[in-house]
Amino acid sequence: MSEKQENVILSIRNMSKAFGRNVVLNRVNLDVKEGSIMGLMGENGAGKSTMMKCLFGIYQKDEGNIYLDGKEVAFTGPKDALENGIAMVHQELNQCLDLSVVDNLFLGRYPLSSSGCIDETRMKKEAAELFRSLGLTVNLTQPMRKMSVSVRQMCEIAKAISYHSKIIVLDEPTSSLTQPEVEKLFKMMRKLKEQGISLIYISHKMDEIFEICDQVSVLRDGNMVTVKDTVSTNMNELISAMVGRSLDNRFPPVDNEPGDIILSVKHLSTKYAPYLKDVSFDVREGEIFGFYGLVGAGRTELLETLFGVRTRAAGRVYYDGKLMNFTGPLEAMQHGFAMITEERKSNGLFLKGDLTFNTTIANLSQYMQGPALSKSKMQKATVQQINLMRIKTMGPEELISSLSGGNQQKVVFSKWLEREPMIFMMDEPTRGIDVGAKYEIYELIINMAKEGKTIILVSSEMPEILGITNRIAVMSNGFLSGIVNTNETNQEELLRLSAKYL
Ligand SMILES: Nc1ncnc2c1ncn2[C@@H]1O[C@H](COP(=O)(O)OP(=O)(O)OP(=O)(O)O)[C@@H](O)[C@H]1O
Ligand SMILES: [Mg+2]
């Protein structure tokens, strides 16, 4: 390309990338216009993150060219990319949890004072200005560890913006944000666009793509199959481009029939903040019981308390008529409880292990042969899960860290499925999972309920909570503000209940 196309600030030409014999990108092209937002979609493992990492210099592309503002570039690493006007918010947060928000913001580029020391006053001032300009209230000196996943996500986004880049890549930035935060982010994105900045926006959420993107591109199995203006395409067209078939309904029919009460929670309160305040509810056997609420409402805390991770201050939990008092997750697991955590990277997976290890770890006693673990039994179970969950991988011996984000999430699911739990608690289980795979997970959940297993599902996605539950409990500021039948409620009622105790 000798001369710059009109308005195109970034042009990727015939870029390919393989990991060993796994060809992940096959001569892909992408043009991004100045001051516009390009959506990038595709199934889990299609190559979206890899493509962006090649652009950002984290991976070196095997072939192809990248032109920035008409000039060819090839970044040697993230620092090089940042210095040349490209910033990226990664799918998996990579923060130093023991450092403060300010420290994380300036990591690798601490400003120095005239005496050569780190200029902390300036750091705090600049950080405060940045967060104020973005309309965010964050305690700057607190360690990252104390922040919720969503606040941490917003900090990462703020950091990317602070580099004053020409192009900002956002890899599934909203996966852990709630509605008000998503709106804040979109406002920021529109402002950046007006300033002539271009954004590449990766998301599995269709409505977001249509709301915020000017154009949308779709990767399928490492090939760029579609690039369209958002106004001239629609949801079905994008889904067919992504999965190669059309999907008429986003949710399978919820035709399970809940039985008698199996779990009874009475006047539950927690000892440490964020508090649960006198929470009582009953769940039926074979029921899909949803929890909706805003961030900080106490949904995750509730699951953790039931699972024995969090200390109770008061209250009783009855399972199958018997009083339970779990002192830790192990005891909960022995009683048939399982829990998928919202933050898979730190809680759900051993990133240095392979698929077999991660799939079987919660259930080792099942793979014994005499006194020893049977590797072949473990591998067989893993292969079954790979097929059931359609995990995109080279095989059971692949390291978990080389799987795409959504496929890692599927492994977390597999791990707990292997245990065949009776009470299956799920905190945002489909976060980061593509539309096709979501449907399959919903089918799985409904089938489990039909087998008499009880599902407690925390979700911030309104369509999901309304799409696959039997009843929904809404939490507000640590209180349970209401329980409704799913087929008799709507979005307005859930929002109203979630604001009841604010
Ligand atoms: N470091 C790596 N080593 C080996 N294989 C990798 C590595 N990174 C990615 N892959 C492979 O590349 C493929 C594409 O992964 P990528 O992360 O780009 O998918 P994605 O489109 O971002 O998916 P998701 O929606 O799940 O995030 C996957 O099959 C994955 O196994
Ligand atoms: Mg990805």
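Residues numbered from 1 in each chain as written. Chains lettered and ligands numbered in written order. Predicted model: local features only at pLDDT ≥ 70, side-chain atom pairs only at ≥ 80, totals over all residues. Heavy atoms only, no water.

Trainee: Provide a residue-level description of the layout of surface pockets, including the pertinent values.
Mentor: What the second largest pocket holds in volume is close to 860 Å³. Lining of the second largest pocket is provided by 35 residues; of these, K53, S401, S402, L403 and S404 occupy positions nearest its centre. Among the elements of the structure, β2 (22-33), α1 (48-56) and α14 (405-417) are those that each provide at least two residues to the lining of the second largest pocket. In terms of residue class, the lining of the second largest pocket is made up of nine nonpolar, 18 polar and eight charged. Mapped onto the domain boundaries, the lining of the second largest pocket takes at least three residues apiece from domain 1 (8-243) and domain 3 (346-420). (1 Å grid on protein atoms, 1.4 Å probe; cavity = no way out; pocket = protein on both sides within 12 Å on 5 of 7 lines; lining within 4 Å. Points joined across faces, edges and corners; volume = space filled by probe spheres on them. Helix = DSSP H or I, 4+ residues; strand = E, 2+ residues; numbered from the N terminus. Nonpolar A, V, L, I, M, F, W, Y, C, P; charged D, E, K, R; others polar. Domains from an automatic or database assignment.)

Trainee: Can you tell me about empty space enclosed by the protein, naming the residues and giving the values?
Mentor: Counted according to the given criterion, the structure contains one cavity of 30 Å³ or more. Computed from the structure, the largest cavity encloses a volume of approximately 80 Å³. Lining the largest cavity we find L247, R250, F251, V435, K438, Y439, Y442, E461, P463 and E464. Elements with a minimum of two residues in the lining of the largest cavity: α15 (435-450) and α16 (462-468). No other element matches the four residues that α15 contributes to the lining of the largest cavity.

Trainee: Summarise the domain arrangement of the protein chain; cite the residues concerned and give the values.
Mentor: Its domain assignment divides the protein chain into domain 1 (8-243), domain 2 (249-336 + 422-447 + 454-502) and domain 3 (346-420). Between the C-alpha centres of domain 2 and domain 3 the distance comes to 26 Å. Buried area between domain 2 and domain 3, summed over both chains or domains, comes out near 1,100 Å², and the portion from carbon and sulfur atoms is 71%. Counting the surface domain 2 buries against domain 3, the share from its top three residues, M333, F424 and L444, is 44%. Applying the counting criterion to the domain 2 and domain 3 interface returns one salt bridge. Between E440 and R390 there is a salt bridge, and its shortest N-O distance comes to 3.3 Å. Linking domain 2 with domain 3 are three residue pairs in polar contact (both at pLDDT 80 or more), by the criterion used here. Of all the elements in the fold, those that place two or more residues in the side of domain 2 that touches domain 3 are α10 (329-334), β19 (423-427) and α15. For the side of domain 2 that touches domain 3, the element with the most residues is α15, which contributes five residues. (Buried area = accessible area lost by both parts, 1.4 Å probe. Salt bridge = Lys/Arg side-chain N within 4 Å of Asp/Glu carboxyl O. Polar contact = N/O pair within 3.5 Å; in protein donor to acceptor, adjacent residues only side chain to side chain.)

Trainee: Give me the environment of L466: which residues, what numbers.
Mentor: Note that L466 resides in helix α16. Taking relative accessible area as the criterion, L466 reaches 26% and is therefore assigned partly exposed. C-alpha separation for the pair L466 and T486, spaced 20 residues apart in sequence, amounts to 6.1 Å. For L466, the contacting residues outside a window of four places in its chain are I472, T486, T489, Q491 and L494. (Buried < 20%, exposed > 50% of the residue type's maximum accessible area, 1.4 Å probe, protein only. Contact = heavy atoms within 4.5 Å.)

Trainee: Tell me about the sheet that holds strand β1 (residues 8-19), and name the residues and values.
Mentor: By way of backbone hydrogen bonds, the strands of a sheet pair with one another, either parallel or antiparallel. Reading across from one edge, β2-β1-β4-β5 is the order of the four strands in this open sheet, with antiparallel pairing throughout. Two strands lie at the open edges of the sheet, namely β2 and β5 (71-73), each paired on one side alone. Taking each pair of neighbouring strands and ignoring which way they run, the sheet shows an average axis angle of 25°. Where β1 meets strand β4 (residues 63-68), five bridges bridge the pair, whose relative direction is antiparallel. Bridge pairing links S16 to E63 in β4. (Pairing = 2+ DSSP bridges. Axes fitted to C-alpha atoms, helices over the stretch in contact; angles between N-to-C directions.)

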